[in-house]
Amino acid sequence: TTLPGVSVVVKGTSIGTITNVNGDFAIDVPQNANVLVFSFVGMRTVEAPITGTTLNISLESDVIGVDEVVVVGYGTARAVGTVVGSISKVSSEKLHERPSANVWDAMQGRVAGLQVYTSSGEPTQLSSVRLHGVGSLGASSTPLYVLDGVPVSPGNILSLNPNDFESVTVLKDASTTSIYGSRAANGVIYITTKSGKADTKAIITVNAQYGTSSLANEDFFKAFMNTEELTNFWLDVKYRTQAQVDDLLSRYPNDTRWYKYYYKDNAPTYQGDVSITGGSERTKYYVSGSYFFQEGLATRSEYERYSLRANLNSQANDWLSFGLNLSGGTDVRQSNPYGSNSTNRGLAMLAQPFYSPYDKDGKPYRGRIPGWNRVDPYYLEEMLPSDGNNVQFNTTGYIQLNPVKGLTIRSQAGIDAYDYRESNKQYASYSESLGNGNASEYFSRNITGTITNTAEYKFSINTVHNIT
């Protein structure tokens, strides 16, 4: 078969041409030229000595013999080409390009049809994920999350380190999600964590990241009138007299941009990871530890997480293998309790600019802000501390038998568990309720166990027909 468009270059020079529609070529070569280089996409590059005026060259297909595999449900991984259905796989390299507290922020724009909504700037809040849109007004539209073969609660993903993820596979249609039944009505997001490689010396990876967060756009806040603009407007519409304005400004001679006080600038985010991966002839391992901290833009808003993971896989002999994935972590969460419709945060921009949160000595008021008559947000943070502590534990263990060629018998068990404690206090010195100190705690625990036993038989006919 003739091959048009093949690049023909005199080795070591920029002299070259390409083959025509019939696969023919003609090229003028220097007298000292000895070799021509033939290259084409998908073909192996060939170097041929110049032995005469006519050369007949054959190119061979450059086919990589390893198929990409994907996990779609119970059983072993399958080659992508053998899966009937719609799947999208995002590798760890793509996820690590966008460091964030949770993996879904890094998934935005990576999968067609996957919608990631972030309605809050709180670092403790997990993004809302929609794969098929909103399918019901009353029921949940959240996909099913599966971690190493074990279904997990969506909220528990926040306690995991995204740098431990090898890949995230999104299963979209009925053919790929049917194995999970009605739980998969909103799609399935399958997370595979990292493992080591056999016959590999230990590789130690240290990673550190630092960043800052600020308001993405300040145009809305800058559109509010300053002191001069507001008082001149009052005079123009005869809402206040000049004498009233002068008296007001004599008592409150300020020009405050309130969003700069209620929202932080350059709030820090930093993360540190250490991982060790490798393996012997029959055993593979991956061990990691991580620390993450992110400060929110509002007061009483931050997230701090410590996590550990140890994945071990061993091929005991030709017919027996087993593995154990252990993941644990703890985090401390603080969320600002005043929403977008509260004058203690979202509506604080309505405060007149001539009021100020600072006294004459430049210190924040410990109590109500004169004129604005709202309690100082940093004083609220000090007098009404509130935080949540989550302890997360995920484990998966399996034993796999291959008694005959093509037959895989696998037994797997996993646990998704957490303990969550929320603590709230009000100090007796709180100016709004003097002498009324109190404390409260809320505690919840959830343990979900999953046991899966499968027998799977695979074989191919003439390397074309694949039957499972």
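Model, not experiment: these values are computed from the prediction.

A. Structural context of the overall build of the chain. Along the backbone of the chain there are eight helices and 23 strands. On C-alpha atoms alone, the chain measures out to a radius of gyration of 32 Å, which is more than a quarter above the 23 Å that the 2.2 N^0.38 rule sets for 468 residues. For the C-alpha atoms alone, the extent of the chain along its principal axes is close to 105 × 65 × 45 Å. Per-residue burial for the chain yields a buried fraction of 37% across its 468 residues. By sequence separation, contacts in the chain at least 24 residues apart represent 61% of the contacts at least 6 residues apart. In the chain, 38 positive and 44 negative side-chain charges are present, and the distance between their average locations comes to 4 Å.

B. Focus on the packing of helix 5 (residues 227-236) against helix 6 (residues 242-251). Here helix 5 crosses helix 6 at 155°, and the two axes come no closer than 10 Å. Classified by the angle their axes make, helix 5 and helix 6 are roughly antiparallel. In this structure, helix 5 crosses over helix 6, and the sense of that crossing is right-handed. For the pair helix 5 and helix 6, the contacting residues are T227, T231, W234 and L235 in the first and Q242, V245, L248 and L249 in the second. Taken together, the residues of the contact of helix 5 with helix 6 sort by class into five nonpolar, three polar and no charged.

C. Expanded view of the side chain of S327. Within the secondary structure layout, S327 lies in strand 18 (residues 320-334). The exposure class of S327 is buried, given its relative accessible area of 8%. Polar side-chain contacts of S327 include one of 3.3 Å to the side chain of R309. Not counting residues within four places of it along the chain, the set of residues in contact with S327 comprises L160, L308, R309, Q392, F393 and N394.

D. Geometry of the environment of I203. By the secondary structure assignment, I203 is in strand 14 (residues 200-213). When the C-alpha atoms of I203 and L55 are compared, they prove to be 49 Å apart, with 148 residues separating the residues in sequence.

E. Spatial organisation of the pattern of salt bridges. Scanning the entire structure with this criterion turns up 11 salt bridges. E432 is paired through a salt bridge with R368; the nearest N and O atoms lie 2.9 Å apart. With E432 in the loop between strand 20 (407-426) and strand 21 (438-457) and R368 in the loop between strand 18 and helix 8 (377-383), the pair connects residues that are 64 residues apart, well separated along the chain.

F. Summary view of a nonpolar patch on the surface. A cluster of nonpolar side chains, namely I204, V206, V274, I276 and V287, defines an oily patch on the protein surface of about 440 Å² accessible area. Secondary-structure elements contributing two or more residues to the nonpolar patch are strand 14 and strand 15 (267-279). Along the chain, V287 turns up in strand 16 (residues 283-295).

G. Region of interest: unusual backbone geometry. A positive phi is found at D199, a non-glycine position, where the angle reads about 55°. Its identity as a non-glycine residue notwithstanding, K238 has a phi of 60°, on the positive side. Relative to the assigned elements, K238 resides in the loop between helix 5 and helix 6. Classification of K238 by relative accessible area gives exposed; the value is 72%.

H. A look at the sheet that holds strand 2 (residues 16-18). Taken in spatial order, the four strands of this open sheet run 2-1-3-4, and their pairing is antiparallel. At either end of the open sheet lies a strand with only one pairing partner, and these are strand 2 and strand 4 (46-49). Ignoring strand direction, the axes of neighbouring strands in this sheet form an average angle of 20°. The pairing of strand 3 (residues 35-39) with strand 4 spans four bridges and is antiparallel.

I. Geometry of the sheet that holds strand 18. Within the open sheet, the eight strands sit side by side as 14-15-16-17-18-19-20-21. Their pairing is antiparallel. The open sheet has two edge strands with one neighbour each: strand 14 and strand 21. For this sheet the average axis-to-axis angle between neighbouring strands, irrespective of direction, equals 5°. Two elements, strand 20 and strand 21, share 20 bridges in a ladder whose sense is antiparallel.

J. Representation of the environment of I15 within the structure. Here I15 is to be found in the loop between strand 1 (7-10) and strand 2. Given a relative accessible area of 33%, I15 falls into the partly exposed group. Spatially, the C-alpha atom of I15 lies 74 Å from that of S444, the residues being 429 residues apart in sequence. Among all residues touching I15, those that are not within four sequence positions of it are V8, V9, V10, I27, D28 and P30.

K. Looking closely at the packing of aromatic side chains. In total, this model carries 20 aromatic pairs according to the counting rule given. Aromatic pair F220 and F224: ring centres 5.4 Å apart, planes at 90°, arrangement edge-to-face. A connected cluster of aromatic rings, assembled from ring pairs, spans Y210, Y270, Y291, F293 and Y306. For R410, the ring lying beneath its charged end belongs to Y398, and the centroid distance is 4.1 Å.

Here is what the cut-offs are and how they apply
Residues numbered from 1 in each chain as written. Predicted model: local features only at pLDDT ≥ 70, side-chain atom pairs only at ≥ 80, totals over all residues. Heavy atoms only, no water. Helix = DSSP H or I, 4+ residues; strand = E, 2+ residues; numbered from the N terminus. Rg over C-alpha atoms; globule rule 2.2 N^0.38 Å. Buried < 20%, exposed > 50% of the residue type's maximum accessible area, 1.4 Å probe, protein only. Contact = heavy atoms within 4.5 Å. Lys, Arg positive; Asp, Glu negative; His and termini not counted. Charge placed at Lys NZ, Arg CZ, Asp CG, Glu CD. Axes fitted to C-alpha atoms, helices over the stretch in contact; angles between N-to-C directions. Parallel < 35°, antiparallel > 145°, perpendicular 65-115°, else oblique. Left-handed = near helix turned anticlockwise from the far one by under 90°. Nonpolar A, V, L, I, M, F, W, Y, C, P; charged D, E, K, R; others polar. Polar contact = N/O pair within 3.5 Å; in protein donor to acceptor, adjacent residues only side chain to side chain. Salt bridge = Lys/Arg side-chain N within 4 Å of Asp/Glu carboxyl O. Patch = residues over 30% accessible without salt bridge, like charges linked within 9 Å, V, L, I, M, F, W, Y side chains within 5 Å. Areas by Shrake-Rupley, 256 points an atom, 1.4 Å probe, with all protein chains shown as cover. Pairing = 2+ DSSP bridges. Phe/Tyr/Trp six-rings, centres within 6.5 Å; stacked < 30°, edge-to-face > 60°. Lys NZ or Arg CZ within 6 Å of the ring centre and 35° of its normal.

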